[in-house]
Amino acid sequence: MTLYAWPKQAAFGRVVPKRKIYEHASVSAALKERFVQQVEQINWAYKLAPETVNLPATPAVTEIQVFRLSLKGASLDQDVLKAIDRAIPFPLIFELAQGGRIKLTAAYKRPAPTPKSAADSSRWVVGSYFETDWQPESTLRQPLPVALDMAGLYEQLLSPLVQGKVASATEDLRTPPPQIRDGAAAGYTVGTPAAQPERLTLEQHIELAEAIVSQQKQVERIRTRLDREKQFNKRVAINAQLRDAKQELQRLMQQQTASQRN
């Protein structure tokens with residue numbers, strides 16, 4: 001997964017005191033404790049803006065901020081990220097660093113349809129978080145992706161994270177379910193792939209990725225039931241459910257693949 005060489009002219013390099021996040025995000029005492037236990041330092045590392053990346057702003061994306069979090073351990077509660085996202089009124093890309101390793105994580109962040117005020121954190125809608133695998137800090141960084149405006153850059157930065165989220169589902173499709181011979185199973189065939197869809201928006205890509213992850217969990221739940229069931233007739237019925245769930249997962253994955261080619 002790509003790490004980006006953030007432009008030198010976009011360097012901001014300011015340490016953000018945790019108390020500032022607490023003040024602007026209404027952080028509970030329990031969440032403050034997680035900040036203390038899990039986060040060593042919060043650094044506002046880069047400011048991607050029209051004057052630093054030479055791209056025009058859009059109504060939804062005027063700037064993109066890159067925050068580097070130095071962690072005390074390998075894990076980080078997502079509520080910590082959400083608190084920072086609530087405190088900073090711009091889309092964020094996080095670099096998490098720990099023990100010579102680094103990974104990217106971000107949630108799709110968009111303006112709320114009806115914000116209460118410019119200072120109200122609820123004027124932003126923060127979605128699910130997507131992340132890369134850990135990589136060595138020495139990993140070669142690549143230039144920023146090509147884009148026409150700030151919204152396009154934001155989409156290009158988020159897209160690899162979204163695609164990585166469904167990688168495990170792709171691997172799962174290569175593992176066939178347990179075979180139970182019965183009359184219903186013999187007639188099963190995978191449906192014809194749907195016609196190639198129009199190009200998806202970033203929001204549609206994220207909705208599709210989340211649907212794939214949700215369906216993957218459903219497949220795992222059914223597989224667990226099948227593994228535990230001992231009665232043959234019940235195993236036949238559960239196996240049919242597993243085939244249907246995997247077919248739906250296959251359909252979603254085909255839609256994902258088609259949208260990436262378009």
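Report on the accompanying structure.

What counts as what
- Residues numbered from 1 in each chain as written.
- Predicted model: local features only at pLDDT ≥ 70, side-chain atom pairs only at ≥ 80, totals over all residues.
- Heavy atoms only, no water.
- Buried < 20%, exposed > 50% of the residue type's maximum accessible area, 1.4 Å probe, protein only.
- Helix = DSSP H or I, 4+ residues; strand = E, 2+ residues; numbered from the N terminus.
- Polar contact = N/O pair within 3.5 Å; in protein donor to acceptor, adjacent residues only side chain to side chain.
- Contact = heavy atoms within 4.5 Å.
- Core = buried A, V, L, I, M, F, W, Y, C linked by side-chain atoms within 4.5 Å.
- Salt bridge = Lys/Arg side-chain N within 4 Å of Asp/Glu carboxyl O.

## Considerations on helix α4 (residues 78–87)
- Of the positions making up α4, those classed as buried are V80, L81, A83, I84, D85 and A87.
- In this structure D77 caps α4, since a side-chain oxygen of it lies 2.8 Å from the backbone nitrogen of D79.

## Observations regarding the environment of M150
- Among the secondary structure elements, M150 is positioned in helix α5 (residues 150–165).
- When the C-alpha positions of M150 and I64 are compared, they lie 7.8 Å apart, and in sequence the two are 86 residues distant.
- Setting aside residues up to four positions removed in sequence, M150 forms contacts with L48, A49, P50, V53, L55, P56, A57, T58, V61, T62, E63 and I64.

## Regarding the nonpolar core
- One finds L48, I64, I93, M150, L153, L157 and L158 to be the most contacted residues of the largest nonpolar core, which totals 27 residues.
- Put simply, the parts of the chain that give this core at least two residues each are β3 (64–71), β5 (101–111), α5 and α8 (202–228).
- Not counting residues within four places of it along the chain, the set of residues in contact with L157 comprises Y4, W6, L48, I64, I93, L144 and P145.
- If you look at the next biggest cluster of nonpolar residues, it comprises 25 residues, including V39, I42, V80 and Y129.

## Some points on the pattern of salt bridges
- Overall, the coordinates contain 11 salt bridges when judged by the stated rule.
- The residue D79 makes a salt bridge to R34 at a minimum N-O spacing of 3.8 Å. Separated by 45 residues along the polypeptide, D79 in helix α4 and R34 in helix α2 (residues 29–38) bring together distant segments of the chain.
- The class of D79 is partly exposed, set by a relative accessible area of 32%.
- Note that K47 and E63 form a salt bridge whose closest N and O atoms lie 3.8 Å from each other. You can see K47 sitting in strand β2 (residues 39–48) and its partner E63 sitting in the loop between α3 (50–53) and β3, a full 16 residues away along the chain.
- Overall, the relative accessible area of 25% leaves K47 in the partly exposed class.
- Among the charged side chains, a salt-bridge network with shared partners connects R68, E95, E137 and R141.

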